[in-house]
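So the chains spell out like this:
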Amino acid sequence: MALCVLLLGSDPRLSPPQAYNIHVNGVLHCRVRYSQLLGLHEQLRKEYGTNVVPAFPPKKIFTLTPAEVEQRREQLEKYMQAVRQDPTLGGSETFNSFLRKAQQETQQIPTEEVVLEVLLSNGQMVKVTILTSDQTEDVLEAVASKLDLPDDLVGYFSLFLVRETKDGAFSFVRKLQEFELPYVSVTSLHNPEFRIILRKSYWDSSYDDDVMEHRVGLNLLYAQTVSDIEHGWILVNKEQHRQLKSLQEKVSKKEFIRLAQTLKYYGYLKFDPCVTDFPEKGCHVVVSAGNNELNFQVRLPNEQIKEGSFKVTRMRCWRVTSSVPMSNGPSGSSPGKSEVKLELAFEYLMSKDRLQWVTITSPQAIMLSICLQSMVDELMVKKSGGSIRKMFRRRANGALRRSDSQQAVKSPPLLDSPDASREPMAKLSSKLTSVSLRGISHSSSANDVGANDFHGNYAFEGIGDEDL
């Protein structure tokens, strides 16, 4: 996954020179100038060569006109998309460290030792001493070390940015990524409702066996399962509830998990109520992700509730789009408030010869896209005979880093200009991946960016009517 951002420029307070604001989920991540992006380009070209790095918008001798400013923004957008989509460049330490450094500088948080609180599913707080400049992998390793979680199990867990709801549950914002500093990401929101939580990051319940081999892994998985049942994410009838309670009283954690594995929605991640256009426009829906599918519980206009699932192996591709309100207020104001309208749309194989687009309008669209991509990643690893035990590996400096197979899945920045003369809402498409599309021919036209608009699915399977 997972950098899916907006680049808004230019900042009127910093003109000249022009500046561009990078947002993640509508929240300011960092502010960069053209000269900084040029410096990034030159460093990438030095490390990877001119044949690998895309062309960069040239310098201009004279002051740019408004039209030229917009042209440069579009060129920088294409450049950043191309870099992020490239499996080598987008996954490089040069690119990610550039974004981390810019994030820290923009938020004006000095490098110092701090205590970061990370939640576990049972509400327990883990306090780790880190540097404000520590990246996501470093913080995850610190939490694992504090919990005595073995190194070979770290890859089964991830850190998530969540927002605590009134009923004590959590609304998932996104999985923290390699391009950000967790301490800076959470503190810059200036809202105590936002927290960082540790959860398992895989979908296939067969991997539970690996996690349960170790005492700490078992305790983490047990706590998450209990929490998911308490919040109604896993459906339990009266008899099953009685059996689970009995196992809890006996502290039979493995048996408790084994029983939970047989229940509906075990291992699913439940999203906040949102809106879909399936089976018709304007339907309210509760979406859950798990078991290599998106489950829909749809409330139809006649108040009837219908349930159905969309298998990830029948999604040919998907994309996230953004409707961005143009604000005349100062850039970066309202740091914790997102006004970006997000949509996830996927093309689904309804029958042997019929593909149909299904759209979900939700502030959690990016998180939904992350879930889909991680399901595909996991399917492909399993199909190749690999193991998610190998999805993490040591770097020379001791920090943890994703393997090359995961580094290949990236999402680029997206730029837009809050020009008051433009329409108040601008429809933008997030280019979400470097993965090639199956069954889609790529145009050689420089103006045809349609192929880059989509998140391709290597796990897409052609099926016959008898399978539907």
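So, here's what we can say about the structure. Given the structure is predicted, the values throughout are model-derived calculations rather than measurements. (Residues numbered from 1 in each chain as written. Predicted model: local features only at pLDDT ≥ 70, side-chain atom pairs only at ≥ 80, totals over all residues. Heavy atoms only, no water.)

On to the overall build of the protein. Tallying secondary structure elements over the protein gives 11 helices and 21 strands in all. A separation of at least 24 residues holds for 60% of the contacts in the protein among residues at least 6 apart in sequence. With the model as given, the accessible surface of the protein reaches about 21,500 Å², and the carbon-plus-sulfur share is 49%. (Helix = DSSP H or I, 4+ residues; strand = E, 2+ residues; numbered from the N terminus. Contact = heavy atoms within 4.5 Å. Areas by Shrake-Rupley, 256 points an atom, 1.4 Å probe, with all protein chains shown as cover.)

Our focus in this paragraph is the packing of aromatic side chains. All told, the structure shown has 14 aromatic pairs when counted by the stated rule. Ring geometry for Phe160 versus Phe172: centroids 5.6 Å apart, planes at 85 degrees, classification edge-to-face. Taken together, the residues Phe160 in strand 6 (residues 157–164) and Phe172 in strand 7 (residues 170–175) connect sequence positions 12 residues apart. In this pair, the class of Phe160 matches that of Phe172, namely buried. Note on Tyr222 and Phe256: the rings are 5.1 Å apart at their centroids and 70 degrees apart in plane angle, and the pair reads as edge-to-face. One end of the pair, Tyr222, is in helix 7 (residues 215–230); the other, Phe256, is in helix 9 (residues 253–261), and 34 residues separate them in sequence. Neither Tyr222 nor Phe256 differs from the other in exposure class; each is buried. Three or more aromatic residues joined by ring pairs make a cluster, and in this case those are Phe278, Phe296, Phe310, Phe346 and Tyr348. Looking at Arg319, its charged tip hangs above the ring of Trp357, at a distance of 5.4 Å from the centre. (Phe/Tyr/Trp six-rings, centres within 6.5 Å; stacked < 30°, edge-to-face > 60°. Buried < 20%, exposed > 50% of the residue type's maximum accessible area, 1.4 Å probe, protein only. Lys NZ or Arg CZ within 6 Å of the ring centre and 35° of its normal.)

In this chain, Phe278 is followed by Pro279 through a cis amide linkage whose omega measures 0 degrees. Within the secondary structure layout, Pro279 lies in the loop between strand 10 (274–276) and strand 11 (283–290). With a phi angle near 55 degrees, His190 is a residue other than glycine that sits in the positive phi range. As for its placement among the helices and strands, His190 is situated in the loop between helix 5 (182–187) and strand 8 (194–200). Residue class for His190 comes out exposed when judged on its relative accessible area of 62%. Despite not being glycine, Glu303 has its phi angle at roughly 75 degrees, a positive value.

Formed by 52 residues in total, the largest nonpolar core has its most connected members in Leu116, Val143, Leu147, Tyr156, Leu159, Leu198 and Leu220. Counting residues per element, this core draws most heavily on helix 7, at 7 residues. For this core, the two domains that each supply at least three residues are domain 2 (109–201) and domain 3 (203–266). The next biggest cluster of nonpolar side chains, apart from the first, holds 40 residues, and it includes Phe170, Leu342, Tyr348 and Cys371. (Core = buried A, V, L, I, M, F, W, Y, C linked by side-chain atoms within 4.5 Å. Domains from an automatic or database assignment.)

At a minimum axis distance of 12 Å, the contact between helix 1 (residues 34–48) and helix 2 (residues 66–85) shows a crossing angle of 35 degrees. Of the two elements, helix 1 crosses helix 2, and the hand of that crossing is left-handed. Taken together, the residues of helix 2 that come into contact with helix 1 (itself represented by Tyr34, Leu37, His41 and Leu44) are Arg72, Leu76, Tyr79, Met80 and Val83. Taken together, the residues of the contact of helix 1 with helix 2 break down into 7 nonpolar, 1 polar and 1 charged. (Axes fitted to C-alpha atoms, helices over the stretch in contact; angles between N-to-C directions. Left-handed = near helix turned anticlockwise from the far one by under 90°. Nonpolar A, V, L, I, M, F, W, Y, C, P; charged D, E, K, R; others polar.)

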